[in-house]
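Listed below, chain by chain, are the residues.
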Amino acid sequence: WRVEDAKWFIFENNFSPNLRDSPYKVLITTRVPGLLGTGTVQEVFVRILSEHEAVKLLLSTSGRRPYGGRSSAVFNQSKLVVKGCGNSPLGILLVGSMLRNNNRNW
């Protein structure tokens, strides 16, 4: 990403005088604070989770339980998955939701 690429995500809203009342919402994730400037943009800063928090979030989101505790295969696989997500809560929630609807093994 370059800052110049952000111009493609700036939308004109002709439907509502107050842009915050618009029925349209766009979620953009970035590591560049202030990428889209000010105005109708609401920045939310999310911290990166610790490995323990990330694994707990993945297991709860995916509906899995690590039978056998920290030595279980599910727990070890969870650590690999959250590492692949960079311990990012958004990434972990997306993967956990996909795994919840997938009956196959990880």
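Everything quoted here is computed from the prediction, not taken from an experiment. (Residues numbered from 1 in each chain as written. Predicted model: local features only at pLDDT ≥ 70, side-chain atom pairs only at ≥ 80, totals over all residues. Heavy atoms only, no water.)

A word on the packing of helix α1 (residues 51-62) against helix α2 (residues 73-84). Between two packed helices, what matters for the description is the angle formed by their axes and the separation of those axes. Running from N to C, α1 and α2 point in directions that differ by 110 degrees, and their axes come no closer than 9 Å. Of the possible angle classes, the one that applies to α1 and α2 is roughly perpendicular. Packed against α1, whose contacting residues are Glu51, Ala54, Val55, Leu58 and Leu59, the element α2 presents Val74, Phe75, Ser78, Lys79, Val81 and Val82 at the interface. (Axes fitted to C-alpha atoms, helices over the stretch in contact; angles between N-to-C directions. Helix = DSSP H or I, 4+ residues; strand = E, 2+ residues; numbered from the N terminus. Parallel < 35°, antiparallel > 145°, perpendicular 65-115°, else oblique. Contact = heavy atoms within 4.5 Å.)

Turning next to the pattern of salt bridges. Evaluated as defined, the whole model comprises one salt bridge. Here glutamate 53 and arginine 47 are joined by a salt bridge, their closest N and O atoms 2.8 Å apart. Judged by its relative accessible area of 30%, glutamate 53 falls in the partly exposed class. (Salt bridge = Lys/Arg side-chain N within 4 Å of Asp/Glu carboxyl O. Buried < 20%, exposed > 50% of the residue type's maximum accessible area, 1.4 Å probe, protein only.)

The subject of this paragraph is the confidence of the model for the chain. Looking at the chain, the pLDDT average stands at 78 and 70% of residues meet or exceed 70. Across the chain, the secondary-structure element scoring lowest on mean pLDDT is α2, at 90, and the one scoring highest is α1, at 93. (pLDDT = per-residue confidence, 0-100.)

Between its terminal C-alpha atoms α2 stretches 17 Å, which fits the 16 Å expected from twelve residues at 1.5 Å a residue. All of the buried residues in α2 are Phe75, Ser78 and Val82. Down the axis, α2 shows its buried residues gathered within 55 degrees of arc, on one side only. Turned more than 90 degrees away from the buried face of α2, the exposed residues are Ala73, Leu80, Lys83 and Gly84. (Expected span 1.5 Å × (residues − 1). Arc of directions from axis to C-beta.)

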